[in-house]
Amino acid sequence: MGWQRKQVTSTGTSALDALTEVAEAMFVEVSGAKRALTKGMLSTAVTARIRPELSWWCAGCKSTHVSEQLMRLGGLPAGLRLEPESSPLNISALPRWPGVPAKPLGVQRIIDAYLRLYGPAAPADVAGYLGTTRTAILPAWPTDLVQLDVSGRSAWLPDQLVDVVRAAKPAPLVRLLGAGDPYLQSRDRDVLVPDKVAQKAIWRILGNPGAVLVDGEIVGTWRAKQGGKSRTDLTVTEFGVIDPDARDEIAEEARRITAMRGVPDVRVTYVGG
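1. Observations concerning the nonpolar core
Formed by 19 residues in total, the largest nonpolar core has its most connected members in V22, M26, L42, V46, I50 and L80. Those elements giving two or more residues to this core turn out to be α2 (15–31), α3 (39–49) and α4 (68–74). Among the elements that make up this core, the one with the highest residue count is α2 (seven residues). Setting aside residues no more than four positions away along its own chain, I50 makes contact with E21, V22, A25, S55 and V66. Among the nonpolar cores identified, the runner-up in size contains 13 residues, and L234, I242, I250 and A254 belong to it.

2. Regarding the packing of helix α5 (residues 107–118) against helix α6 (residues 123–130)
In helix packing, the relevant descriptors are the interaxial angle and the interaxial distance, both defined with respect to the helix axes. Here α5 crosses α6 at 105 degrees, and the two axes come no closer than 11 Å. Between α5 and α6, the angle is such that the two are roughly perpendicular. Each of I110, I111, Y114 and Y118 in α5 lies in contact with α6, whose residues at this interface are D125, V126, Y129 and L130. Taken together, the residues that form the contact of α5 with α6 break down as seven nonpolar, no polar and one charged.

3. Description of the sheet that holds strand β1 (residues 37–38)
A sheet is described by the order of its strands in space; here three strands give the open sequence β1-β5-β4, paired in antiparallel fashion. Each of the sheet's edge strands pairs with one partner strand only, and the pair in question is β1 and β4 (80–82). Two strands pair when backbone bridges link them, and β4 and strand β5 (residues 90–93) are joined in this way by three bridges, in the antiparallel orientation. Paired with L82 across the strands is I91, a residue of β5. Across the sheet, α2 lies against β1, β4 and β5, angled at about 90 degrees from β5, the strand it touches most.

4. So, the layout of surface pockets
Roughly 1100 Å³ of volume is contained in the largest pocket. Residue assignment for the lining of the largest pocket shows that the elements contributing at least two residues are α2, α5 and α7 (134–137). Top contributing element to the lining of the largest pocket by residue count: α2, with five residues. Among the residues forming the lining of the largest pocket, the class breakdown is 21 nonpolar, five polar and three charged. What the second largest pocket holds in volume is close to 910 Å³. Together, 28 residues line the second largest pocket, and G119, V165, A168, Y183 and L192 are the ones closest to its centre. Taken together, the elements giving at least two residues each to the lining of the second largest pocket come down to α5, β6 (145–150), α8 (159–167), α9 (189–192) and β10 (217–226). Sorting elements by how many residues they give to the lining of the second largest pocket places α5 first, with four residues.

5. Some words on the packing of α2 against α3
Their axes nearest at 9 Å, the elements α2 and α3 cross at an angle of 120 degrees. With respect to α3, the axis of α2 lies oblique. In this structure, α2 meets α3 at a crossing whose hand is right-handed. Residue-level contacts link V22, A25, M26, V28, E29 and V30 of α2 to L42, A45, V46 and R49 of α3.

6. Let's talk about unusual backbone geometry
The amide bond that connects G119 to the next residue, P120, takes the cis arrangement and shows omega of 0 degrees. In this model, D215 sits at a positive phi of 50 degrees, which is unusual for a non-glycine residue. Along the chain, the position of D215 falls in the loop between β9 (210–214) and β10.

Scoring rules and cut-offs
- Residues numbered from 1 in each chain as written.
- Predicted model: local features only at pLDDT ≥ 70, side-chain atom pairs only at ≥ 80, totals over all residues.
- Heavy atoms only, no water.
- Core = buried A, V, L, I, M, F, W, Y, C linked by side-chain atoms within 4.5 Å.
- Buried < 20%, exposed > 50% of the residue type's maximum accessible area, 1.4 Å probe, protein only.
- Helix = DSSP H or I, 4+ residues; strand = E, 2+ residues; numbered from the N terminus.
- Contact = heavy atoms within 4.5 Å.
- Axes fitted to C-alpha atoms, helices over the stretch in contact; angles between N-to-C directions.
- Parallel < 35°, antiparallel > 145°, perpendicular 65-115°, else oblique.
- Nonpolar A, V, L, I, M, F, W, Y, C, P; charged D, E, K, R; others polar.
- Pairing = 2+ DSSP bridges.
- 1 Å grid on protein atoms, 1.4 Å probe; cavity = no way out; pocket = protein on both sides within 12 Å on 5 of 7 lines; lining within 4 Å.
- Points joined across faces, edges and corners; volume = space filled by probe spheres on them.
- Left-handed = near helix turned anticlockwise from the far one by under 90°.

What follows is the structure in structure tokens.
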């Protein structure tokens, strides 16, 4: 929840208690409604139902309402879904949803999935990915993991994956990763991108760029914009100097992106380096 977690806990309420209260209010309002609700309708109803300290003034809406992030996170335990092809988006209840769970379930399965995808990893990495705290993760942390040293820090991995990870080699390929690509969602960013300046360029507060991956290393960022009706302008910001062979493959990647957008031409420009 980031800064909004601090906003919530400053009221003397834990983030989990606040989330549970909002989720229960969402469940009651949507399951009891005779028709699907818009986001605005649900926000108004939930704000009226929860304690006042869980609502804040919103400059954009010019009103006081429940935290946006609490509503987003509360949708799943409340058993809500977005109605497809509705405009504005409508929210309705999942059929036969029993209500907000009394306690978190399945946390260990999520930890296992994270370790298979992003391991070796530490509890703080998993907590950051899930938007919670290390303290909340530790009770569910598996006890049968292998502890490894990764660049001077302790990290853990299931035993059956240790040899696989140790034998892994960087793939000889070039990719323009989208800002939401799973590869960029790992929380051990010091391993993925050791340079702090480069980290800030990739993971911003708002509007992350894409990342340029060359032979297993992130060597820059990229953004694309329309350069008229027939061309896409793609700008690569280099962290170092990208060699000519990799630039040729970046151009090919850029052409694939352009083709997906239905634009016949692309121009790649390099800055930085």
